[in-house]
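Spelled out, the chains give:
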Amino acid sequence: MADNPTSQSESSPNLNEIHDFLIEIAFKAGDIITNALPNTDPGSKKNSADLVTEYDRAVEDMVSAALKEKYPTYQFHGEESYDPNRPLTDEPTFVIDPIDGTINFVHGFPHACISLGFTVKRTPVVGVVFNPSSRTLYSAIHGQGAFLNRTQRLPLKGTDIEPLSGLQNALISIEWGSDRKGKNWETKIRTFEKLGQDKEDGGAMVRAFRSMGSAALNICAVAEGTLDLYWEGGCWAWDVCAGWVILKEAGGIIVDGNPDGWEPTVDGRSYLAVRASPEGAGQKELVREFWSNIQGRLEY
Ligand code: IPD
């Protein structure tokens, strides 16, 4: 029998309890973020486009202490305490980004969130994403649907959501990421150009791009159905884990950011998310159309 991450046994994690606890933590993190006065000259990690603030660390410390106290046997995989020698495993694991959209946070642009995911056998099964500026909460449990502010089921239009009808009619989220040179940068820039270009000149002429600066909120917008697609290479498991289950529970799909990657992994670092459509119509076609426009290959 195939491994089912949520098959029940006496020692199975209680996903509903974890979901409710993650929401409690998200609201506490939201208070830290809302009351913060970020330094306009924050620390950088890899370069001046890869920022970290004292608040990223403070939120992660709070989250990790709370989770370790309540769930001492589960693993913890957080952005600020990440150790490359300790990759994601099959063990039940909290996968956490304390502030996703750190650049927005530093600039006071009200589009950042805390992203709290939980994986079993490396499959996201609980996700909570909270933007404290707009008080927007997205959450999902594997098999139980996805919700906005706990009550409104996603996608927002429900079964009235329009069928997908090709890149030409799509609103697409893309991000530059923080690597601004090298092959991945070239691939992204040439792909953006191809996607945007007029069909007469060989492009896909997508309707428009949006670049809002938070992978987790991008995926949640695809789950809502307010964005049609989101493509990115270079982000990490903690950027996408919570959004992953929210999107899937909303009827969306997530595949690899590179062609033919129908079975992506949460730590695969390149992703393409597609919104729900009635009976899934057009989702795979849109994936294939997108992949056919990628100029090169994302490699991490
Ligand atoms: C970043 C954001 C951004 C994405 C980067 C991420 P951070 O996360 O999600 O939108 O383009 O790839 O690293 O640094 O704000 O947590």
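Quick caveat: nothing in here was measured; it's all calculated off a predicted structure. (Residues numbered from 1 in each chain as written. Predicted model: local features only at pLDDT ≥ 70, side-chain atom pairs only at ≥ 80, totals over all residues. Heavy atoms only, no water.)

**Student:** Outline helix α1 (residues 15–34), supporting the account with residue identities and numerical values.
**Tutor:** Helix length check: α1, at 20 residues, gives a terminal C-alpha distance of 28 Å against a target of 28 Å (1.5 Å per residue), a fit within 8%. All of the buried residues along α1 are L15, I18, H19, F21, L22, I23, I25, A26, A29, G30 and I33. Here the buried face of α1 lies against α2 (54–70), β4 (93–100), α3 (102–107), β5 (113–120), β6 (123–131) and β7 (136–141). Looking at where α1 begins, the residue whose side-chain oxygen comes 3.3 Å from the main-chain nitrogen of N16 is N14. (Helix = DSSP H or I, 4+ residues; strand = E, 2+ residues; numbered from the N terminus. Expected span 1.5 Å × (residues − 1). Buried < 20%, exposed > 50% of the residue type's maximum accessible area, 1.4 Å probe, protein only. Contact = heavy atoms within 4.5 Å. Polar contact = N/O pair within 3.5 Å; in protein donor to acceptor, adjacent residues only side chain to side chain.)

**Student:** How would you sum up the domain arrangement of the chain? Please name residues and give values.
**Tutor:** Domain assignment breaks the chain into domain 1 (15–153) and domain 2 (160–291). Counting residues at the interface gives 41 residues for domain 1, matched by 25 residues for domain 2. Summed over both sides, the interface between domain 1 and domain 2 buries roughly 2500 Å², with carbon and sulfur atoms accounting for 66% of that surface. For the domain 1 face of the interface with domain 2, the top three residues by lost area are H111, P124 and Y138, together amounting to 23%. At the boundary of domain 1 and domain 2, one finds one salt bridge. Along the contact surface separating domain 1 from domain 2 lie 10 residue pairs in polar contact (both at pLDDT 80 or more). (Domains from an automatic or database assignment. Buried area = accessible area lost by both parts, 1.4 Å probe. Salt bridge = Lys/Arg side-chain N within 4 Å of Asp/Glu carboxyl O.)

**Student:** Explain the environment of D31 residue by residue, including any values.
**Tutor:** Structurally, the position occupied by D31 is in helix α1. The spacing of D31 and P132 is 101 residues in sequence and 7.5 Å in space, taken between C-alpha atoms.

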